[in-house]
There are 2 protein chains.
Amino acid sequence: MPIYQAPLRDYQFILSELLSIYQRRDLQGFDEIDAPLVDAILQGVADFTTDVMLPLNSSGDVEGCEIVAGQVRTPTGFKAAYQQYVDNGWATLTSDPDYGGQGLPESVGIFATEMNTSTNMAFAMYPGLTHGAYAAIHAHGSEALKAKYLAKLVSGEWSGTMNLTESHAGTDLALLRTKAHAIDEQYYAISGEKIFISSGDHDLADNIVHLVLARLPDAPAGVKGISLFAVPKYRVNDDGSLGEHNGVVASALEHKMGIHGNSTCVMVFDGAMGELVGKPHQGLRAMFTMMNEARLGVGVQGLGVSEIAYQNALAYAKERTQGRALSGVKAPEQAADPILVHGDIRRMLMAQKAFNQGARALMGQQALWLDESHRANDKSLAANASKLAALFTPVVKGFVTDQGFKACVDAQQVFGGHGYIHEWGMEQFVRDSRIAMIYEGTNGVQALDLVGRKILSDGGAALALWAEIVTSFIDEHKSNDAMLPYIMPLRDALEDLQQATSYISTHAGHNPDIIGAASMPYMQMFGIAALAWMWARMAAVALAALEHSSQEQGVYQDKLKTAAFYMAYWAVQTRSLGVQIESSSELICSLTEADF
Amino acid sequence: MPIYQAPLRDYQFILSELLSIYQRRDLQGFDEIDAPLVDAILQGVADFTTDVMLPLNSSGDVEGCEIVAGQVRTPTGFKAAYQQYVDNGWATLTSDPDYGGQGLPESVGIFATEMNTSTNMAFAMYPGLTHGAYAAIHAHGSEALKAKYLAKLVSGEWSGTMNLTESHAGTDLALLRTKAHAIDEQYYAISGEKIFISSGDHDLADNIVHLVLARLPDAPAGVKGISLFAVPKYRVNDDGSLGEHNGVVASALEHKMGIHGNSTCVMVFDGAMGELVGKPHQGLRAMFTMMNEARLGVGVQGLGVSEIAYQNALAYAKERTQGRALSGVKAPEQAADPILVHGDIRRMLMAQKAFNQGARALMGQQALWLDESHRANDKSLAANASKLAALFTPVVKGFVTDQGFKACVDAQQVFGGHGYIHEWGMEQFVRDSRIAMIYEGTNGVQALDLVGRKILSDGGAALALWAEIVTSFIDEHKSNDAMLPYIMPLRDALEDLQQATSYISTHAGHNPDIIGAASMPYMQMFGIAALAWMWARMAAVALAALEHSSQEQGVYQDKLKTAAFYMAYWAVQTRSLGVQIESSSELICSLTEADF
């Protein structure tokens, strides 16, 4: 069975040393947390995920879900684990205290999500989707709807889903056909079929609240005619007790490449009773307001699976003996050296480590921006944080899940043939992590969102805001020789990114298709530059710590070495991505259908 | 079910126009082939693979193999299809006519293998392994052994396997423990356990000839003490009839990520009777002589699965409608445009197409070098071809399977959520193609073989031989303006490769571990440069054809556009790989175990 050691020290480094969240008394609710409290919570999650969720990861993959008598049965052990999860309060971490939540910052909660995903991504999706449904009702529901559903969703007694996709309407929700018509002033009857519904039905919770996009009879065509409804599996009586089964069933389970432990369902709504969430025809807007959080959550999946895959590859590379180091025998007492002596194994492992720690820091930063946008009393701080979070949302989702998947493939490669068989768990990490590149908006959609909506549509203002922060950081540290190895590559990466931005914005004027053609290499550049920024900042923290304290020198030396590797191996890739954009984008647009 | 259209016109382009094989009367046996004959054979394979093998690909994946009463049962339909395969003579294409083979060149046979792999990789592995066993006995067996086994292996009545790996001995065969001891002058008793044995047991053929690496009692330690044995599943009587069951069984099937239709077995040899193939203690050398062919075969798997994945992604991109082109509505009669209008979809598809056609041309070139090395009357031509084939073997295996897998992942991505479910077949292509990066020497081992054994150990002579060919080509075409867009990027890629070679050879002197650390980015550079060479050559052929004939202008225009895309998108990546090697290799070597 795969091992897992929660990266608790790295969480401390990010929260306390890099982001200084315990000094952020300017943010509402941050005065209620301190390092001992957060450390204790994360330690609790670490214990639970390692002891309870991890042992069910492989067995859940093998067993999968099944429809028995019209109801989805989750894999053996999931129900008991879910009950423990709820009993321990893990579902409530970042939710509103008014409804029983603990009100913790997103920047803390995000790392609980990472541990959940590392140990059992399929399981973690059940509470993950519930949190999405909670957030939608919390942000847009009437007081009556909130009173009806939120406390149960926060505790996890009930769970939630998001019903968007139809077989012909995935990325393009304008095409969706599910219908709703009013029965009375409160209720609507919903009819239609939805596919790819994660956690669509299961046996973990007493009720399931489906958030469903559908069209009212008078709805205008396209995305401006979509409304959002809350449709429970079992109707809820006025006293909060459960009534009869509503007209919604999981008609089939999707047969998927991975995340077998999660029930991905075809859902059929046949006149199911639901209530509006928000205003008529504004359902898509309601969904979009939760998008930053949802996409951060998926980005964290890319990191979470990559982290556990890395840990196992490293452990294997230390244990497995094959061949000898090119520079001579390293373990003369054994018939062969540990494969960690081999250069290519080292390259793969360092690439994973530098990516994981850099991505983790970026996740923390992104979560803190979200916290600032929701909790800052200073309105201009909140507005800037909101802009930066919107800018980075596609990067955090698209770049991190792309590279997280590749890191899993490399981690599997470290195992050789043993990586290809189920027994070691590595091939499951590859299969599971693959979905994160697809759902919650494919990574192609993320890239388009980044270039089209987040960069060009405001004339580059959000990018300029970030570039200013990076430039200030560079200016602040450029007189420090010890920082030069980190800030010079950062400066180069930023310049490459700005040049590519300029190329795209110039050419998009006469040919908007350029935006799409250039978007994916651009998003990769952006992600690499963003992690270079995080690594340069981490290097600054580590250098200061080494100067001012003799404690834990190893931790900070390690950060510096990994930062140096990141700059030497990852950051150098921005230039060629820029060249690729400039040399291939026009050509890609010029091809006719017959050219493919 | 996935579609498939065999790329027959591309085979003609490569064989007749690019490689001019029908003019090669200097190669033994080439006078017996001409274009109509080869076209007819490849058309026959195309029909068989499309009609018979493709329909069993998905069902074979779902059903998998099973051990029933001590014997492996292959998926429904495999046995009947295999019988047809044998009856049609598809197993005999490139085998020695002395034993019933058709004696076709490798450069023709390689494309039959591509079609086999595209349509059903798991099935194709049964005859694939048989051919490996045939080749080992053909090259190293005694006349008696050849008489006993070859005709049956050529026809496919019997099949073959390669038994190398043990649980603790994968890459490092020096560690293997399987034992052999002489029973009489002819027979040895073999005992031990082998894992990951492809096609290890099955119900397709009447007998299975296992080629097994094992140690004799007096064997020296390490790789110089390994002998090769032929061990049949059923003993073979002197009259060629089958005798009693030999002491070899498949004790278990491996549970794998993909290629479920192939029986990957744990094989237990318990005093099984076998005969030596070649001389005692020289088994590994015997295996190595077949390595070029075997690794080319695996490289073709990377291409074959990538090709069918591309074809299906393209078909889907033309059919599936979502969203509108950024430059305005393209299909006003529909509610949305085909996703082929979107820049990132186009980018992914062109990247796949340019890779596939480039890799296919390289496969043809590599196979022709193998043909030249075996069939040229001119000894110096044969010697040079042999050197080039050896140089390119790790590239053809490692680069093509790496990029073929990535192409499958991109093809899956084109399908969005539909790519993640089994129904469309795309996720199977990803799972199946993944193994090609691992077996027959992991791609890390290929990269090390390339840099350490194929480039540095002869002081760069083989590389210089190839560089001279490329430089001559550049010189020949540099005065042709129409060729400049293809030969300038080729020249740059070659220069980048030579600079990286120089860096590695300089630094490896004082630190041999550099070779391993730099090897993977180097192999990727080499592969990209090699395909740039193929594309520049194909562009030259296409330009000449356009000038001299009005036939099939579309075919040649298509080659030119794809060549231009390759140069703009793929070839530009060599520079940054070179930078990566120079900036990160020393660092990778300097890290201690605790740094990971």
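Residues numbered from 1 in each chain as written. Chains lettered and ligands numbered in written order. Predicted model: local features only at pLDDT ≥ 70, side-chain atom pairs only at ≥ 80, totals over all residues. Heavy atoms only, no water.

Asker: How should I be thinking about the overall build of chain A in this particular structure?
Answerer: Summing up its helical and strand segments, chain A has 17 helices and 11 strands in all. Taken over the C-alpha trace, chain A has a radius of gyration of 24 Å; the compact-globule value for 596 residues is 25 Å, and the two agree within 12%. Per-residue burial for chain A yields a buried fraction of 64% across its 596 residues. The contacts in chain A between residues at least 6 apart in sequence include a share of 74% that link residues at least 24 apart. As presented, chain A carries roughly 20200 Å² of accessible surface, and 53% of it is formed by carbon and sulfur atoms. Once the 42 positive and 66 negative side-chain charges of chain A are each reduced to a mean point, those two points are 3 Å apart. (Helix = DSSP H or I, 4+ residues; strand = E, 2+ residues; numbered from the N terminus. Rg over C-alpha atoms; globule rule 2.2 N^0.38 Å. Buried < 20%, exposed > 50% of the residue type's maximum accessible area, 1.4 Å probe, protein only. Contact = heavy atoms within 4.5 Å. Areas by Shrake-Rupley, 256 points an atom, 1.4 Å probe, with all protein chains shown as cover. Lys, Arg positive; Asp, Glu negative; His and termini not counted. Charge placed at Lys NZ, Arg CZ, Asp CG, Glu CD.)

Asker: Sorry if this is basic, but what is going on with the domain arrangement of chain A here?
Answerer: Interface size is commonly expressed as the accessible surface area that is lost when the partners come together. Residues and elements named next belong to chain A. Looking at chain A, the domain boundaries give domain 1 (8-140), domain 2 (159-281), domain 3 (290-439) and domain 4 (449-595). Taking only C-alpha atoms into account, the centre of domain 2 sits 34 Å from that of domain 3. Each partner contributes residues to the interface: domain 2 has 6 residues there, and domain 3 has 6 residues. Between domain 2 and domain 3, a total of about 490 Å² is buried, with carbon and sulfur atoms accounting for 72% of that surface. Run the count over domain 2 and domain 3 and you get 0 salt bridges. Between the two partners, domain 2 and domain 3, sit 2 residue pairs in polar contact (both at pLDDT 80 or more). In terms of residue class, the side of domain 2 that touches domain 3 is made up of 3 nonpolar, 3 polar and no charged. (Domains from an automatic or database assignment. Buried area = accessible area lost by both parts, 1.4 Å probe. Salt bridge = Lys/Arg side-chain N within 4 Å of Asp/Glu carboxyl O. Polar contact = N/O pair within 3.5 Å; in protein donor to acceptor, adjacent residues only side chain to side chain. Nonpolar A, V, L, I, M, F, W, Y, C, P; charged D, E, K, R; others polar.)

Asker: I keep staring at the UniProt feature "domain: Acetyl-CoA dehydrogenase-like C-terminal" (unreviewed entry) in chain A and nothing clicks. Help me out?
Answerer: Feature annotation in UniProt assigns "domain: Acetyl-CoA dehydrogenase-like C-terminal" (unreviewed entry) to the following positions: residues 468-590 of chain A. Taken end to end, residues 468-590 of chain A has its terminal C-alpha atoms 35 Å apart, with 86% of it in helix and 0% in strand. (UniProt positions renumbered as here; feature names shortened; annotations may be inferred.)

Asker: Can you help me understand the environment of V451(B) in this one?
Answerer: Residue and element names in this part refer to chain B. The residue V451 is located in helix α12 (residues 443-456) in this model. By relative accessible area, which is 2% here, V451 ends up buried. Along the chain, V451 and R215 lie 236 residues apart, while their C-alpha atoms are 30 Å from each other. Sequence-distant contacts of V451, that is, excluding residues within four places in its chain, are made with L456, I504, I515, S519 and Y522.

Asker: What's the story with the relation of the copies chain A and chain B in this structure? I'm lost.
Answerer: Note on the chain copies: they are related by a rotation about an axis and a translation along it. Screw-axis analysis of chain A against chain B gives a translation of 0.0 Å along the axis, an RMSD of 0.0 Å, and a rotation angle of 180°. In symmetry terms, the pair is related by a two-fold rotation axis. Closest approach to the rotation axis within chain A is made by the C-alpha atom of S576(A), at a distance of 2.8 Å. (Least-squares fit on C-alpha atoms with pLDDT ≥ 70 in both.)

Asker: Any chance you could explain the side chain of N57(B) here in plain terms?
Answerer: Residue and element names in this part refer to chain B. Mapped onto the secondary structure, N57 falls in helix α3 (residues 57-63). By relative accessible area, N57 is classed as buried at 7%. Excluding residues that lie within four positions of it along the chain, N57 makes contacts with T119, N120, M121, Q428, F429 and D432.

Asker: Any chance you could explain the packing of helix α16 (residues 553-570) of chain A against helix α17 (residues 574-590) of chain B here in plain terms?
Answerer: Remark: α16(A) packs on α17(B), axes separated minimally by 7 Å, with the N-to-C direction vectors making an angle of 150°. Regarding the angle of α16(A) to α17(B), the classification is roughly antiparallel. Taking contact as the criterion, the partners of A564(A), F565(A), A568(A) and Y569(A) in α16(A) are, on α17(B), Q580(B), S583(B), S584(B), L587(B) and I588(B). Split by residue class, the contact of α16(A) with α17(B) holds 6 nonpolar, 3 polar and no charged. (Axes fitted to C-alpha atoms, helices over the stretch in contact; angles between N-to-C directions. Parallel < 35°, antiparallel > 145°, perpendicular 65-115°, else oblique.)

Asker: Would you mind showing me how to read the packing of aromatic side chains here?
Answerer: Centre distance and the angle of the planes are the two values used to describe a pair of aromatic rings. Residue and element names in this part refer to chain A. In total, this model carries 52 aromatic pairs over all chains according to the counting rule given. Geometrically, the ring pair formed by W369 and W533 is stacked, given 6.0 Å between the ring centres and 15° between the ring planes. Residue W369 is found in helix α9 (residues 343-375), and its partner W533 is found in helix α15 (residues 513-548); the two are separated by 164 residues along the sequence. An aromatic cluster is defined as three or more aromatic residues linked by ring pairs; in this entry it consists of F48, F78, Y82, Y85, W90, F123 and Y126. Over the ring of W533 we find R537, and its NZ or CZ is 4.5 Å from the ring centre. One cation-aromatic arrangement involves K559 over F13; the distance from NZ or CZ to the ring centre is 4.9 Å. (Phe/Tyr/Trp six-rings, centres within 6.5 Å; stacked < 30°, edge-to-face > 60°. Lys NZ or Arg CZ within 6 Å of the ring centre and 35° of its normal.)

Asker: Quick question: what am I supposed to make of helix α8 (residues 291-319) of chain B here?
Answerer: One turn of an α-helix holds 3.6 residues; hence residues three or four places apart share an orientation. End to end, α8(B) covers 42 Å across 29 residues, agreeing with the expected 42 Å (1.5 Å per residue, within 8%). Across the 29 residues that make up α8(B), a large majority, 22, are buried. (Expected span 1.5 Å × (residues − 1).)

Asker: Just checking my understanding: could you explain the interface of chain A and chain B for this structure?
Answerer: With 88 residues of chain A at the contact, the number on the chain B side is 88 residues. Of the roughly 7200 Å² buried where chain A meets chain B, counting both sides, 63% is carbon and sulfur surface. It is M257(A), Y420(A) and F596(A) in chain A that bury the most area against chain B; as a group they hold 12% of the surface buried on that side. Remark: the boundary between chain A and chain B carries 2 salt bridges. At the boundary of chain A with chain B, the tally comes to 50 residue pairs in polar contact (both at pLDDT 80 or more). Top element by residues in the side of chain A that touches chain B is helix α17 (residues 574-590) of chain A. It accounts for 9 residues. Per-class residue counts for the side of chain A that touches chain B are 41 nonpolar, 29 polar and 18 charged.

Asker: Before we go on, may I ask you to explain the side chain of Q446(A) in this structure?
Answerer: Mapped onto the fold, Q446(A) is located in helix α12 (residues 443-456). Among residues more than four places away in sequence, those in contact with Q446(A) are R295(A), T393(A), P394(A), K397(A), G398(A), E440(A), G441(A) and M523(A).

Asker: What exactly am I supposed to notice about the environment of Y188(A) here?
Answerer: Residues and elements named next belong to chain A. Mapped onto the elements, Y188 comes out in strand β5 (residues 188-197). Each C-alpha atom, one on Y188 and one on L104, is 35 Å from the other, the two residues being 84 residues apart in sequence. Leave out the neighbours within four places in its chain, and Y188 touches A180, H181, A182, I183, L216, F229, A272, M273, G274 and L276.

Asker: How should I be thinking about the nonpolar core in this particular structure?
Answerer: Burial of nonpolar side chains together is a common tendency in soluble globular proteins. In this structure, W466(A), Y522(A), F526(A), W466(B), Y522(B) and F526(B) are the most contacted members of the largest nonpolar core, which totals 432 residues. Not counting the four nearest positions on each side in its chain, Y522(B) is found in contact with L450(B), V451(B), I455(B), L463(B), L497(B), A500(B), T501(B), I504(B) and I581(B). (Core = buried A, V, L, I, M, F, W, Y, C linked by side-chain atoms within 4.5 Å.)

Asker: Please clarify how the pattern of salt bridges should be interpreted in this entry.
Answerer: Any two side chains of opposite charge can pair, given that their charged atoms come close. Residues and elements named next belong to chain A. Tallied over the full model, the rule gives 56 salt bridges over all chains. One salt bridge in this structure joins R360 and E114, with 2.8 Å as the shortest N-O distance. Remark: E114 occurs in helix α5 (residues 106-140) and R360 occurs in helix α9; sequence separation between them is 246 residues. Overall, the relative accessible area of 0% leaves E114 in the buried class. Residues joined by salt bridges that share partners form a network here, namely D10, E114, E307, R360 and K559.

Asker: So what exactly am I meant to see when it comes to the packing of helix α1 (residues 8-18) of chain B against helix α9 (residues 343-375) of chain B here?
Answerer: Helix-helix packing is characterised by the crossing angle of the two axes and by the distance between the axes. Residue and element names in this part refer to chain B. Orientation of α1 relative to α9, taken along the N-to-C sense of each, is 45°, at an axis distance of 10 Å. The angle between α1 and α9 places the two elements in the oblique class. The handedness of the crossing between α1 and α9 is right-handed. Together, D10, Y11, I14 and L18 of α1 and Q357, R360, A361 and G364 of α9 make up the contact between the two elements. In terms of residue class, the contact of α1 with α9 is built from 4 nonpolar, 2 polar and 2 charged. (Left-handed = near helix turned anticlockwise from the far one by under 90°.)

Asker: Quick question: what am I supposed to make of helix α6 (residues 143-155) of chain A here?
Answerer: Residue and element names in this part refer to chain A. An ideal rise of 1.5 Å per residue puts 18 Å on 13 residues; α6 measures up with 18 Å between its terminal C-alpha atoms. Along α6, the sharpest kink reaches roughly 40°, centred on Y149. Among the residues of α6, L145, K146, K148, Y149, L150, L153, V154 and S155 are the ones counted as buried. Of the residues flanking the end of α6, it is G156, one or two places downstream, whose phi is positive at about 95°. (Bend = angle between axes of the 7 residues up to and from the residue.)

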